[in-house]
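Fold and contact review
Read off the chains here:
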Amino acid sequence: MEYSPARSIHNPGTCPERPSPRFLTSKEQFHAFLRARGEPSGRGGGEDGEEVEEKKEDEDVGSPQSEPPAKRVRVEEPSQDGESREEDGAAEKEPAERKRARGQNKSRPCMKPTHYEQNRLCPSVTQGCAEKCYFGARCRFLHDVGEYMAAKPGDLGGSCVLFQTFGKCVYGVTCRFAQSHLGTGYQNIVNADLAKQWEGKTLVRNNLSKDLQHQLRKKKFNFKKADEYLRGLAKPHGDGGNGGKATGCSAEEQEVPNCTTAQEGLGDGPQCPVRPEQGEDPKPDASQSGEEPSSIKTAGPVTDEDLIKLRACEKKKLEIQGKLYLAPLTTCGNLPFRRICKRFGADVTCGEMAVCTNLLQGQSSEWALLKRHHTEDIFGVQLEGAFPDTMTKCAELLNQTIEVDFVDINVGCPIDLVYKKGGGCALMTRTNKFEQIVRGMNSVLDVPLTVKIRTGVQEKMNVAHKIIPKIREWGASMVTLHGRSREQRYTRGADWDYIAECARIASPMPLFGNGDILSYEDANRAMQMGVSGIMIARGALIKPWLFTEIKEQRHWDIPSSERFEILKDFTSYGLEHWGSDTQGVEKTRKFLLEWLSFLCRYIPVGLLEHLPQKINERPPYYMGRDYLETLMASQNVDDWIKISEMLLGPVPTSFTFLPKHKANSYR
């Protein structure tokens, strides 16, 4: 749908993000409209939950809690805070309310699969091999299909996305859309012609095999390169025996310095002996003849590759300059969401932050964050860790077991759980460990290594400009800079002037900028700062079609019906990824609700007085051009649940949900 300038009413004397006065309303009128139109909303597919929705809505309006301060218009100048607040609360109560609405919901309820299904069918029955159940008579799951079907909740729809797409639903009778592919005697129907088209095709890569998981749990995986590098760190050096310094770096980094930086300080041969890797000639270099020969045996003729290391600039490069980079987003940056963003024009995608220690332990939930859909042509993974041993080993593990185009180090995570353990932003203050991690990971990886950082830890003490030259020297291929400090979080706008300064310092190493991009104008201004490209995070969550707007240089007044179709596609991708059984449906619902906590911040282009919308400002209550548009603008959790019921049917009994961030919602 093409953007029509006539839809926006320009008034330079008002807040840029404020909707046109004819759409403004009060909180009471807003909820009264949704409550009055709640019954017709059932035609979207959630008619079984209409009574539940009406009851929830009545309880919501009578709730004593008002909307959080985050719902109100935010301004950059502290002196204007008082002018932007509403008059419905006493001034002395404002700080307490603001404190309650910030941070994470750390004690939010966890809905386990047992809450959804008391009696679950044994997977061996679903797969058609009940006689091979590993637990036999001790199995705690049902083996009687008739008994299971008698207690199974009703189907959610007449069309199974797995059966329609692949010709076969692997969840069989447990599928919540099973009526579309069950025959007589609960036999699972297979569309042989369609299923044959998908034979031998791998749609999702980077899965954790049982054999690899067993090796990791029994600590039998061979970390040859990582162990070699770590021995170099522990070995005493000529500087007084300080083996903990990063000067005990990899042979690759010391024999041939990074061609993008000055060479001073990198030629300390006696302090950094070159240790050959597997298959190399054990004969030491002339400058290091005093070192004892390596015990690694070689086979076959010695070639130049055995004697001469490739320079960092001669290794595989990450050619993404000028491309649109979807940031690694914890919780919301899952595979179905990345598929949505790829459809709208994202060029580079990255998996959610994965903790290196969990990966080394073979945790299935952590390895799931590394999965890559076949449509993600340029894909990377992001690792978080605080120590060189675990990070280097994890890098070698991933280098041997998964397919990625780059590996990113998270040096920007601000949350306490990570920071207090020395990871995330804390690495910016632990430069020795930071250097050891970067050098170690770079020595064991065959793909480029990138780093994502913030301006610093404290709000008015920027240190990124001091660290970036070191990161370039250590061998990283690219840096992404988020223009905020850890203390600052999202209370101020991103400092793009500082990002521009760091981009000049980083040259010739590429630097991507990140922060506050919600329109193509924001993207254009960012590119004018001299960065190599832009990373988009919250902007993609609020409106994933932002990538299309940037590439086509236009505002897209996307109607509510099209936005609802995007949500339908997300649920289809979610059921395909997490499963169409009860557990998969509820997991899809959970991640849909998390995403809706950001989608509700979008203000339709046709309602704005002045373009573009700013990411750090929240609008007052407004009425959309139709019921669905108004419903999507609600920041009430129960309204999000109502939208999920229109897509995935009624929620289970005693269902509860709280978003990850307190400022995202209210009841």
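The structure we're discussing is the one just above.
Predicted model, so just to flag it, every value in this text is computed and none were measured.

Rules behind the numbers
For every chain, the first residue of the written sequence is number 1, and numbering continues from 1 along that sequence. Two thresholds apply to this predicted model, a pLDDT of at least 70 for residue-level local features and 80 or more for giving and counting side-chain atom pairs, whereas whole-chain, interface and lining totals are computed over all residues. The basis for every side-chain value is the complete set of non-hydrogen atoms in the structure, without hydrogens or water. Each helix is a run of DSSP H or I of at least 4 residues and each strand a run of E of at least 2, with the numbering of both proceeding from the N terminus. Burial classification: accessible surface area is computed with a 1.4 Å probe over protein chains only, and a residue below 20% of its type maximum counts as buried, one above 50% as exposed, and the rest as partly exposed. By definition, residues are in contact when any of their heavy atoms lie within 4.5 Å. Computed by Shrake-Rupley with a 1.4 Å probe, the accessible areas treat only the displayed protein chains as cover when residues are assessed. Paired strands, as defined in this entry, are two strands with at least two bridges between them according to DSSP. For crossovers, right-handed means that the path from the first strand over the helix to the second runs clockwise, given strands pointing away from the viewer. Pairing of aromatic rings covers Phe, Tyr and Trp, the last through its six-membered ring, and needs centres within 6.5 Å; plane angles under 30 degrees mean stacked, over 60 mean edge-to-face, and all others mean tilted. Each ring is checked for a lysine NZ or an arginine CZ that lies within 6 Å of its centre and within 35 degrees of its normal; such an atom marks a charge sitting over the ring.

Within the chain, the regular secondary structure consists of 28 helices and 10 strands. Per-residue burial for the chain yields a buried fraction of 53% across its 667 residues. For the chain, the share of sequence-separated contacts (at least 6 apart) that also reach a separation of at least 24 residues comes to 71%. Here the chain has roughly 30,400 Å² of accessible surface; of this, 49% comes from carbon and sulfur atoms.

In this section: the pairing of strand S8 (residues 478–485). In terms of burial, S8 is largely enclosed, as 8 of its 8 residues are buried. The pairing of strand S7 (residues 449–456) with S8 spans 6 bridges and is classified as parallel. Residue Ile453 lies in a different strand from S8, and its bridge partner there is Leu481. Read from S7 through helix H20 (residues 464–474) to S8, the crossover connection turns out right-handed. Where S8 meets strand S9 (residues 511–514), 4 bridges bridge the pair, whose relative direction is parallel. Paired with Leu481 across the strands is Gly513, a residue of S9. You can see the chain leave S8, run along helix H21 (residues 496–506) and come back into S9, and the turn it takes is right-handed.

Here we come to the packing of aromatic side chains. Across all of its chains, the model carries 13 aromatic pairs by this definition. Between Phe30 and Tyr621, the ring centres sit 5.3 Å apart and the planes meet at 55°, which makes this aromatic pair tilted. You can see Phe30 sitting in helix H1 (residues 27–36) and its partner Tyr621 sitting in the loop between helix H26 (582–599) and helix H27 (627–632), a full 591 residues away along the chain. Tyr621 shares its class with Phe30; the two are buried. Chaining the aromatic ring pairs together yields one cluster made of Tyr325, Phe406 and Phe512. The ring of Trp198 has Lys201 sitting right over it, with the charged end atom 5.5 Å from the ring centre. A cation sits over an aromatic face here: Arg343 above Phe344, 5.5 Å from the ring centre.

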